[in-house]
Amino acid sequence: MPRYLTEQDITDFRNELCKVATERFAKHGYEGVTMRQLAEALGCSPKTPYRYFKDKADILATVRAQAFAKFADTLEKAAEGVKDPSERGRLTSEAYLAFALENPHAYRIMFELDTPVDESHPELGPQAERAARYITRSAEQLAEAGIIDVDPKLFGWTMWAGIHGIVMLHRSGMLTHGPDYKAMVYFIGLTMMKGAGAKIGLPSKGKKR
C-alpha cells in the first residue's frame with residue numbers, strides 16, 4: 001500500500017530537490033542537467049520530480065526565484081532602519097558583496113547562466129524585479145536627497161555592474177595579485193559618488209552639448 005504523503009513530506013522533498021538543482025545548475029549549467037540526474041541524486045524514480053514541477057525549466061525558474069528572494073532579503077535587511085541615503089548605499093554594497101561570496105551557487109544561477117530569466121514565471125519575475133528595484137531605488141534616494149546629480153537609474157545600474165564585475169574577477173582568481181576586492185568596491189563607490197556629487201552628468205535626452 002503506497003505511503004500517504006503529508007504536506008511536510010511534500011515541502012521537504014521540494015526543498016531537497018531545489019537544493020540539489022541549485023548546485024547542479026550552478027556547476028553544469030542548464031543544458032548540463034537532466035531530470036533523470038536530479039532524480040538519481042535524490043534517490044527517487046525519474047518520474048517523481050514531475051509530480052512537483054512541470055519540467056526542468058520550471059525547476060530552474062523556481063530555484064532562481066528563491067535565490068533572488070534571498071538576495072533581496074539580504075539587501076533590504078542590511079540597510080533596514082537606516083535613513084541616511086549614503087550610509088544605506090554603503091551597507092547595501094557590503095551586503096551585496098557578502099551575499100555573492102557566501103552563496104556562490106545562488107549567485108551563479110541568478111546572473112551567470114546563459115538561460116534568460118523567465119519573467120513570466122509567477123515567482124521568478126516578481127522576485128527578480130524586487131531585487132533590481134531595490135538597487136535602483138537606493139540611487140533614486142541619493143538623487144532625492146541632492147547627493148548625486150545624475151540619472152539615478154543609470155547610476156544604480158552602473159554601480160551594480162561595477163560590483164558584479166569585481167565579484168566575477170575575485171571568484172575567478174584574477175585578483176590574486178591585484179587590490180583587495182573590498183577596497184575596490186569602496187573605491188568604485190567613492191569615485192562614482194564624487195563624480196555624481198560634483199554635478200557632472202550626462203546631457204539630457206534631446207539636448208546637445
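Overview of the structure.

What counts and what doesn't
Residues numbered from 1 in each chain as written. Predicted model: local features only at pLDDT ≥ 70, side-chain atom pairs only at ≥ 80, totals over all residues. Heavy atoms only, no water. Phe/Tyr/Trp six-rings, centres within 6.5 Å; stacked < 30°, edge-to-face > 60°. Helix = DSSP H or I, 4+ residues; strand = E, 2+ residues; numbered from the N terminus. Polar contact = N/O pair within 3.5 Å; in protein donor to acceptor, adjacent residues only side chain to side chain. Contact = heavy atoms within 4.5 Å. Salt bridge = Lys/Arg side-chain N within 4 Å of Asp/Glu carboxyl O. Buried < 20%, exposed > 50% of the residue type's maximum accessible area, 1.4 Å probe, protein only. Axes fitted to C-alpha atoms, helices over the stretch in contact; angles between N-to-C directions. Parallel < 35°, antiparallel > 145°, perpendicular 65-115°, else oblique. Left-handed = near helix turned anticlockwise from the far one by under 90°. Nonpolar A, V, L, I, M, F, W, Y, C, P; charged D, E, K, R; others polar. Core = buried A, V, L, I, M, F, W, Y, C linked by side-chain atoms within 4.5 Å.

Next up on the list: the packing of aromatic side chains. What the rule picks out here adds up to 10 aromatic pairs. One aromatic cluster is present, formed by Phe68, Phe71, Tyr96, Phe99, Tyr107, Phe111, Trp157 and Trp160 through successive ring pairs.

If you trace the backbone, glutamate 112 turns up in the loop between helix H5 (104-111) and helix H6 (124-144). Within the structure, the side chain of glutamate 112 is placed 2.8 Å from the side chain of arginine 171, a separation counted as a polar contact. Discounting chain neighbours no more than four positions away, the residues touching glutamate 112 are Tyr107, Met168 and Arg171.

Here the focus is the pattern of salt bridges. Summed over all chains, the structure comprises 10 salt bridges. Among the ionic pairs, glutamate 76 bridges to arginine 130, the shortest N-O distance being 2.9 Å. Here glutamate 76 is found in helix H3 (residues 56-78), whereas its partner arginine 130 is found in helix H6, with 54 residues between them in sequence. Among the residues examined, glutamate 76 registers a relative accessible area of 30% and is labelled partly exposed. Residue arginine 130 is classed as partly exposed on the basis of its relative accessible area of 25%.

Their axes nearest at 9 Å, the elements helix H4 (residues 85-102) and H6 cross at an angle of 155°. The pairing of H4 with H6 is recorded here as roughly antiparallel in orientation. Here H4 and H6 pass one another in a crossing that is left-handed. Counting all contacts with H4, which are made through Pro85, Ser86, Arg88, Thr92 and Tyr96, the residues of H6 involved are Tyr134, Ile135, Ser138, Gln141 and Leu142. Taken together, the residues of the contact of H4 with H6 sort by class into five nonpolar, four polar and one charged.

So, on to the nonpolar core. The biggest cluster of nonpolar side chains holds 55 residues, and the ones touching the most others in it are Phe25, Ile59, Phe71, Tyr96 and Phe155. Counting only elements with at least two residues in this core, the list comes to helix H1 (7-28), helix H2 (35-42), H3, H4, H5, H6, helix H7 (152-171) and helix H8 (181-197). Top contributing element to this core by residue count: H3, with 10 residues. Sequence-distant contacts of isoleucine 59, defined by excluding residues within four places in its chain, comprise Leu17, Ala21, Phe25, Met35, Leu38 and Phe53.

Fair warning: the whole summary comes from geometry, so function is off the table for now.
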